[in-house]
Amino acid sequence: MEYNLGESQMIVLAGIIKDLDRETSRTDSASICVYFGPILGQLYEEFSQSLAKFIHNILATNMLSDNLQNVLLAQLGVSPKNEETWPLQVYSRTLSVLAQTLLLRQQREKDELRSDSETSCVMIWLRLLNTLKRAILTPSAFSLLLMKEKVLKFVNI
């Protein structure tokens, strides 16, 4: 069976995930009902749950090739293969996609008697530690980078 999912769909899916993460992070209680009222809040919750199930299903059933998984992770800003700084704030839906992808790859590699996925986890830790090191050693430059990220997020809203 062929699935007609491509890079453009991964870009759209990543955009939706980031938008939902951003909206949820704006509330103290992580409930969007405060802003949209009970009816739209309920629709938001149903959509959010359906999206989580959809993402889980497309990952768990291997509908996404490794390349499409990499595109999705790159668009979310959490690709283990990326050489840039690691984000110091990763929201729940993004973290869920990363964790599911890494765990499924690890399981698949275990079944195939390989161990490449450990490298991805080590690379994530190294990038996080390097990001923290840069933030400590050059706080002014790093605060400018964080401010630039915040401005870009604000502009994208």
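What counts and how
- Residues numbered from 1 in each chain as written.
- Predicted model: local features only at pLDDT ≥ 70, side-chain atom pairs only at ≥ 80, totals over all residues.
- Heavy atoms only, no water.
- Helix = DSSP H or I, 4+ residues; strand = E, 2+ residues; numbered from the N terminus.
- Contact = heavy atoms within 4.5 Å.
- Areas by Shrake-Rupley, 256 points an atom, 1.4 Å probe, with all protein chains shown as cover.
- Buried < 20%, exposed > 50% of the residue type's maximum accessible area, 1.4 Å probe, protein only.
- Polar contact = N/O pair within 3.5 Å; in protein donor to acceptor, adjacent residues only side chain to side chain.
- pLDDT = per-residue confidence, 0-100.
- Axes fitted to C-alpha atoms, helices over the stretch in contact; angles between N-to-C directions.
- Parallel < 35°, antiparallel > 145°, perpendicular 65-115°, else oblique.
- Nonpolar A, V, L, I, M, F, W, Y, C, P; charged D, E, K, R; others polar.
- Left-handed = near helix turned anticlockwise from the far one by under 90°.

The name an unreviewed UniProt entry gives the protein chain is Protein purity of essence, with Caerostris extrusa as the organism.

### Quick notes on the overall build of the protein chain
Helix and strand content of the protein chain: six helices and zero strands. Reading the protein chain from its N end, one meets helices and strands in the order α-α-α-α-α-α. Long-range contacts, defined here as pairs at least 24 residues apart, represent 66% of the contacts in the protein chain between residues at least 6 apart. Per element, the accessible surface of the protein chain, about 10,400 Å² overall, is 61% carbon and sulfur.

### Here we look at the side chain of Asp21
For Asp21, the position within the fold is in helix α1 (residues 7-25). We classify Asp21 as buried; its relative accessible area is 2%. Within polar-contact distance, the side chain of Asp21 engages the backbone nitrogen of Arg93 at 3.1 Å. Not counting chain neighbours up to four residues away, the residues in contact with Asp21 comprise Tyr91, Ser92, Arg93 and Thr94.

### Digging into the environment of Leu98
Mapping Leu98 onto the fold places it in helix α4 (residues 92-111). C-alpha separation for the pair Leu98 and Leu73, spaced 25 residues apart in sequence, amounts to 6.8 Å. If we skip the residues at most four places from it in the chain, Leu98 touches Leu73, Val78, Pro80, Trp86 and Ile124.

### Regarding the confidence of the model for the protein chain
In the predicted model, the protein chain carries a mean pLDDT of 81, and the fraction of residues at 70 or more is 78%. Taken element by element, the protein chain is modelled with least confidence in helix α6 (residues 139-156), mean pLDDT 59, and with most confidence in helix α3 (residues 66-76), mean pLDDT 94.

### Digging into the packing of α1 against α4
Closest axis-to-axis distance for the α1/α4 pair is 7 Å, and the angle between their directions is 135°. When the axis of α1 is compared with that of α4, the two are oblique. For the pair α1 and α4, the contacting residues are Ile17, Leu20, Asp21 and Thr24 in the first and Ser92, Arg93, Thr94 and Val97 in the second. Counted by class, the contact of α1 with α4 contains three nonpolar, three polar and two charged residues.

### A look at the packing of α3 against α4
Two quantities define a packed helix pair, namely the angle between the axes and the distance from one axis to the other. Contact geometry of α3 with α4 gives a least axis separation of 10 Å together with a crossing angle of 150°. Considered as vectors, α3 and α4 are oriented roughly antiparallel to each other. Handedness of the crossing formed by α3 with α4: left-handed. Side by side, α3 and α4 meet where Asp66, Gln69, Asn70, Leu72, Leu73 and Leu76 of the first sit next to Thr94, Val97, Leu98, Thr101, Arg105 and Arg108 of the second. Among the residues forming the contact of α3 with α4, the class breakdown is five nonpolar, four polar and three charged.

### Thoughts on the environment of Tyr91
Position of Tyr91 relative to the elements: it lies in the loop between α3 and α4. Every residue in contact with Tyr91, bar those within four places of it in the chain, is listed here: Asp21 and Ser25.

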